[in-house]
Amino acid sequence: MKLKYVVLIILVAGTLDGSAQFDNLLKKGLDKGGKLAKKKTVQSADMARDRLDSTDFNYAISVIDNSGIMNIRDVDEVVVKSAYQASNFLLKDESSKTPAQNCRDILDAAEKFYEIRKYKTAEVYFLSAKLSYEQKNLTNNINYSKSVADLGLLYSTMGRYSTAEAYITDALDTRSQTLGEKSMAYASSVNNRGVLYQETARYNEAESDFNRASELTKQLIGENSQEHAIVLNNQAILFGKIGRLDDAIANLNKAISILDSQNKKNLRNQVGFQSNLALLYQQTGKLTEAETIYLRLEKSLGTSNPYYAGVLNSLALLYIQMKRPEKVEELLKKSAGVYKTRFGEQNPNYAKVTNDLGNFYRRQGRFDEAESSLQSALKIRESVLGKSHPDYVSSQEDIAILYWKKGDPEKAYPYYIDAMGHSLDFINQYFPPMSEAEKTKYWDILFPRFQRFYNYAIEAGAKKPDLIQDMVDYQIATKALLLSSTNKIKKAILNSKDMVLIRDYVTWLDQKETLARLYAYSKAELLEQKVNLDSLERATNATEKSLSQRSKDFSQGYSTEKISFNQISALLGDTEVALEVIHVRNFDKDFTTDSKYAVLALTKGSTQPKLIVLDNGNQLDTRYAKYYKNSILQKSPDEYSYDQFWARLDPLLVGKKNIYFSPDGVYNQINISTLKKKDGDYILNRYDVVIVGNSKDLIAIKKRKAGAPKKDAFLLGFPDYGGTAVAALPGTKAEVEGLSKILKAAGYQVTQFMQREASEKNLKAVKGPTIMHIATHGYFLADADVQSGSAVGVSAENAKNNPLLRSGLLLAGASGTMTGQVTPDLESNDNGVLTAYEAMNLNLEGTELIIMSACETGLGDVRAGEGVYGLQRAFQVAGANALIMSLWKVDDAATQLLMTNFYTNLVKGGSKLKAFKQAQIQLMTKYKEPYYWGAFVMTGQ
């Protein structure tokens, strides 16, 4: 599926506004007679043409078809064209034409040849027109910039993007100098450059240009103009490319509504916008709505319509999604035939349909036909787009998949490796200026490629061991990618010593704090108070993007850090092993509903990682995860969990004592230390386990030098919830008081808050203590549990689909918020509930350890490759180096004893990990069941 662009020029009315006016003008000229009449008629027509062209608006609404960039005209432009032709008839003597008129004759001829798709001939005439203006010193004439702009559009249509860019940039500069940057001609060129950037996958630059064009069209002719609608459409296409589908659909619906409000509608624009909307519906699973639009368009458009081939292509892809393959081949062949007839084979649109046909043949098992089509598409894309274009890279992967499924993994390998390398390059190129939300959506587009590669590597790795090494390298390059990128930019800003940048960062945190308060309100309540939440979210997102662009990491370029497994293996000792877990969704002809887990072991001196595959991923995620949790909570013997989650990994651990464990999927929801071998011991007693977000964290862990840490601690517990809606936790009072004594005796400066002082306000005021201990209730609501009303102080409308608004901590005064007795207050940042969204804003740089001595603080939405979206992620983003969190509701007495043991061990010196493990073993002597000693896990360095 590809969102659609067609490049064309719309010429807005000049001084002549009807045939009657033209007739009057011509009659007056003839009545006066002689050369004076002829001269004035020519001048009037020239002025109208120049004024008309000064407001031209070149734009693109579909890459499906680049035909007709100049063959759709407003009625007013036809009138002016007629006036110009009439004046030309009066001046049959070539010598009596003005130099400007002679130049325009050539330009008009070029446009005519373009209209009938004689591109080579059009190219000669456009170049001749440009040269003619230059030779006659008419480069300030408005039509000179038009000839340059038209050349840019012509070369874009022909797929010659590098040449197109030179002309589009030249036109932009010329219009800036001759017409100024507050002209529609300049806005047109900015928009066109944005389209070019989008087509050449320079998404950050494209978005900047579309934003600029949008502002100019609103300022110059209003936000209800067709030109502004066109820019909205173009932005929608870009948003679709980088995964921001909700934004894309919103833009398109707004663009369509603008055209609907016009008395004189542009049919071509309506078709383009509707077709783009249908494509977005496909991407969001609204297949019936998409089919309705396509069938209506197919019926209403003739075969000569420039959108017809694109509609056929899109309809074919829709029928693949709808499992109706009998309709697909004919539609694709018909679409390809139209493109070939119109443009020839050297065209991106023809290449796309040919590639789609090849993929269809591959799914049908018609491998020879698939190979022919896919190789043909690859060659065209290489010629027309270049090897760094995402479409070329997609073709490489498609061919790799074909050879893999054909049974020739060796032949697939070079295509796949090249495609994966380019995918990492895309991350490096596009991530820097994006906000985290935008990074997330763009990663959603790239992530499936890595999943497909892991399937290929698992299947073909036995015959080609190099694939297992590649698998590890790609996983450690991308696992926790979003978290790593966010933290990297934040640290760069705070360490920059750029006071303006840091000030703006604080402003951004304030914006997020405001949003956190507004999320308590429903849409109706916000409307009543005349608060535009969407506008504030966009402003906050724009501030974040600006910070990303100006940070040190942006100037240096974000890097996925190409670290190989060899670098990690070299850091390991003889008794150490790193286990990297990958949750892999199964891929056959397409992705299926089944999954598996790949566990890769890295050891000292190994030439290749070792791979174990757990094929029953779906069972582990559901049946066995539920059994594990029930066994824990019921304190009953667990007869299956070790065998299912761990036994198959035992061969990787022979002779090993220390495990660096990087979990994924369901392994984020179980404590592996609680797994017990039948007639054997718990993993806790057999191994020293360090839980890391990514195996490459070993590099930082091994580099860390033991030193005397700053001795300050922040303790918060035993909140006064202000009512009975939240159960009191009297045990946390003794817990906090006891820990305070231990820390003070060890020389720590302790800040302690309890009862009413255990508030959200005091927690938000904290500044990077070495240790932070929070003893209160935690919560996590699954998305399905959020229906309507309030979700722990957050409007259900806002909490749904956002795990950071569905998890948090309950603090002083929370009871009133839980019951609804305390209404949201825009002036206060303390409603007794600290959501994970708010926790991200805490200042925890320099914090070595956070202990959340609360129930279920380790829970959240598990995202493949990114860990847990909840309090865990929030405190990591805030800057915490390591965390101790709970996976289930905890026993008060056992928790108090565990924490006392942990702090007693910690202040004696040594690592956090050893102190924590020792505390668990000590607790095990009194409480045998894992329910008591295994609720908490430590993650991080």
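Residues numbered from 1 in each chain as written. Predicted model: local features only at pLDDT ≥ 70, side-chain atom pairs only at ≥ 80, totals over all residues. Heavy atoms only, no water.

S.K.: Lay out the pairing of strand β19 (residues 882-886) in plain terms, naming residues and giving numbers.
M.R.: Taken across its five residues, β19 has five buried, putting it largely inside the fold. Every second residue of β19 is oriented toward a common face, with A882, I884 and S886 on one face and L883 and M885 on the other, all of them buried. One ladder, built from two bridges, connects strand β16 (residues 849-852) with β19; its direction is parallel. Bridge pairing in β19 links I851 to I884. Pairing geometry for β19 and strand β20 (residues 936-940), over five bridges, is antiparallel. Pairing of M885 across the sheet is with V937, part of β20. (Buried < 20%, exposed > 50% of the residue type's maximum accessible area, 1.4 Å probe, protein only. Helix = DSSP H or I, 4+ residues; strand = E, 2+ residues; numbered from the N terminus. Pairing = 2+ DSSP bridges.)

S.K.: How would you explain the sheet that holds strand β14 (residues 807-810) if you had to name every residue and give the values?
M.R.: The strand order across the open sheet built from three strands is β11-β14-β15, with neighbouring strands paired in antiparallel fashion. One side of each edge strand has no neighbouring strand; the edge strands of this open sheet are β11 (778-780) and β15 (833-835). Ignoring strand direction, the axes of neighbouring strands in this sheet form an average angle of 25 degrees. Direction of pairing for β14 relative to β15: antiparallel, over a ladder of three bridges. Its bridge partner lying in β15, L809 is registered against L834. (Axes fitted to C-alpha atoms, helices over the stretch in contact; angles between N-to-C directions.)

S.K.: Hey, could you go over the nonpolar core for me, with residue numbers and the actual values?
M.R.: Among the nonpolar cores identified, the biggest contains 141 residues, and Y442, F453 and Y456 are the most heavily contacted of them. Non-local contacts of Y442, meaning those with residues more than four positions away in its chain, are made with Y203, I242, F426, Y430, F431 and M434. Ranked by size, the runner-up nonpolar core spans 113 residues in total, among them L849, M852, F875 and L898. (Core = buried A, V, L, I, M, F, W, Y, C linked by side-chain atoms within 4.5 Å. Contact = heavy atoms within 4.5 Å.)

S.K.: Give me the lowdown on the environment of S815, citing residues and values where you can.
M.R.: Counting through the fold element by element, S815 comes out in helix α35 (residues 814-819). In this structure, the C-alpha to C-alpha distance between S815 and G723, residues 92 residues apart in sequence, is 5.2 Å.

S.K.: Requested: an account of the confidence of the model for the protein chain, with residues and values cited.
M.R.: Averaged over all residues, the pLDDT of the protein chain equals 81, while 83% of them reach at least 70. Confidence drops under pLDDT 50 across residues 1-39; counting only partners more than four residues distant or on other chains, this segment forms 128 contacts. In this model residues 49-56 is a low-confidence stretch, pLDDT under 50, and it forms 36 contacts with partners more than four residues away in sequence or in other chains. (pLDDT = per-residue confidence, 0-100.)

S.K.: Summarise helix α21 (residues 466-478); cite the residues concerned and give the values.
M.R.: Taking 1.5 Å per residue, 13 residues should reach 18 Å; α21 reaches 19 Å between its end C-alpha atoms and fits that length. Downstream of α21 by a residue or two, A480 has a phi angle that is positive, lying close to 55 degrees. (Expected span 1.5 Å × (residues − 1).)

S.K.: How would you sum up the pattern of salt bridges? Please name residues and give values.
M.R.: Under the criterion given, the structure shown has 34 salt bridges. Across the pair K218 and E215 runs a salt bridge, and its minimum N-O distance is 3.4 Å. Taken together, the residues span about one helical turn, with K218 and E215 both in helix α9 (residues 203-221) at a distance of three residues. The class for K218 is partly exposed, based on a relative accessible area of 34%. Among the salt bridges present, the one from E382 reaches K387, with a minimum N-O distance of 3.7 Å. (Salt bridge = Lys/Arg side-chain N within 4 Å of Asp/Glu carboxyl O.)

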